[in-house]
Amino acid sequence: MTHCDGDDTKQGLTNADLQLQLIAPEGERRSFALRNVKTFTVGRDEKCTVVLKGSDVSRRHADFRVHENGLTVVDRSQNGTWVDGVLIKRANHKVEALACRVEIGHHVLELLVTPRQKPRTSPALAPIPGGKEDPAG
């Protein structure tokens, strides 16, 4: 599903914890935990959140935006990005799931998103008639 660009509030971005398993071309596995994120980047550039090596990885290959019910992958590369078996090129792809598999060059990223719960607001508590907090009781 393609998703149009917009600002953070229109896209419903939310803070989330993210578990990322990176499988390198040689088969080496590394795990990362990104805490309390709304967006992150993947690419060769050292300024990216997740840095990948390889000539098939662009400097800023893809951007990721976290939503309550999934994430949006924004491909910024010449080669494209595979998301759950679908090639996206210079486009946005909204994933309506909290887990997905992304292939960038010869690297595989397995992502698991855990949205952060918004703090609940409790209604003001009134004293219970006849209770310890009731001045009349």
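Criteria and thresholds
- Residues numbered from 1 in each chain as written.
- Predicted model: local features only at pLDDT ≥ 70, side-chain atom pairs only at ≥ 80, totals over all residues.
- Heavy atoms only, no water.
- Helix = DSSP H or I, 4+ residues; strand = E, 2+ residues; numbered from the N terminus.
- Buried < 20%, exposed > 50% of the residue type's maximum accessible area, 1.4 Å probe, protein only.
- Areas by Shrake-Rupley, 256 points an atom, 1.4 Å probe, with all protein chains shown as cover.
- Contact = heavy atoms within 4.5 Å.
- Polar contact = N/O pair within 3.5 Å; in protein donor to acceptor, adjacent residues only side chain to side chain.
- Core = buried A, V, L, I, M, F, W, Y, C linked by side-chain atoms within 4.5 Å.
- Pairing = 2+ DSSP bridges.
- Salt bridge = Lys/Arg side-chain N within 4 Å of Asp/Glu carboxyl O.
- Phe/Tyr/Trp six-rings, centres within 6.5 Å; stacked < 30°, edge-to-face > 60°.

Caption draft 1: Region of interest: the overall build of the protein chain. Assigned secondary structure in the protein chain consists of one helix and 11 strands. When burial is assessed residue by residue, the protein chain has 39% of its 137 residues classed as buried. Counting only carbon and sulfur atoms, one obtains 50% of the accessible surface of the protein chain, whose full area is about 8600 Å².

Caption draft 2: A look at the environment of Asp 56. Position of Asp 56 relative to the elements: it lies in the loop between strand E4 (50-51) and strand E5 (62-67). The class for Asp 56 is buried, based on a relative accessible area of 17%. Taking the C-alpha atoms as reference, Asp 56 lies 4.8 Å from Gly 105; in sequence the two are 49 residues apart. Not counting chain neighbours up to four residues away, the residues in contact with Asp 56 comprise His 61, Asn 79, Gly 105 and His 106. Looking at Asp 56, its side chain comes within polar contact range of the side chain of His 106, at 2.3 Å.

Caption draft 3: Geometry of the nonpolar core. Counting residues in each nonpolar core, the largest one holds 25 residues, and the members touching the most others are Phe 64 and Leu 111. Discounting residues that sit within four places of it in the chain, Phe 64 has contacts with Lys 38, Thr 39, Phe 40, Val 42, Leu 71, Thr 72, Val 73, Val 102 and Leu 111.

Caption draft 4: Main features of the pairing of E5. Most of E5 is tucked away: six of the six residues are buried. Residues Ala 62, Phe 64 and Val 66 point to one face of E5 and Asp 63, Arg 65 and His 67 to the other, with burial holding for every one of them. As defined by bridge partners, E5 adjoins strand E6 (residues 70-75) across six bridges and the pair is classed as antiparallel. By the bridge assignment for E6, Phe 64 is matched with Val 73.

Caption draft 5: Quick peek at the pattern of salt bridges. Applying the stated criterion across every chain, the model contains five salt bridges. In this structure, the salt-bridge partner of Asp 63 is Arg 76, at a minimum N-O distance of 2.4 Å. In this pair, Asp 63 sits in strand E5 while Arg 76 sits in the loop between E6 and strand E7 (81-83), placing the two residues 13 residues apart along the sequence. When salt bridges with common partners are traced through the structure, they connect Arg 60, Asp 63 and Arg 76 into a single cluster.

Caption draft 6: Representation of the side chain of His 61 within the structure. Its location among the elements puts His 61 in the loop between E4 and E5. In terms of polar contacts, His 61 uses its side chain to reach the backbone amide nitrogen of Ser 58, at 3.0 Å.

Caption draft 7: Representation of the side chain of Ser 58. As for its position among the elements, Ser 58 is in the loop between E4 and E5. Classification of Ser 58 as buried rests on a relative accessible area of 16%. Apart from residues no more than four positions distant in its own chain, Ser 58 is found in contact with Gly 43, Arg 44, Ser 77 and Gln 78.

Caption draft 8: Here's a closer look at the packing of aromatic side chains. The full count for this structure, using the stated rule, is one aromatic pair. Here Phe 40 and Phe 64 contribute two aromatic rings whose centre-to-centre distance is 4.6 Å and whose plane-to-plane angle is 5°, an arrangement assigned as stacked. Taken together, the residues Phe 40 in strand E3 (residues 39-43) and Phe 64 in strand E5 connect sequence positions 24 residues apart. The two residues Phe 40 and Phe 64 agree in class, both being buried.

Caption draft 9: Main features of the pairing of E6. Most of E6 is tucked away: six of the six residues are buried. Where E6 lies against strand E9 (residues 92-95), four bridges are found, and the strand directions are antiparallel. Paired with Val 73 across the two strands is His 93, which belongs to E9.

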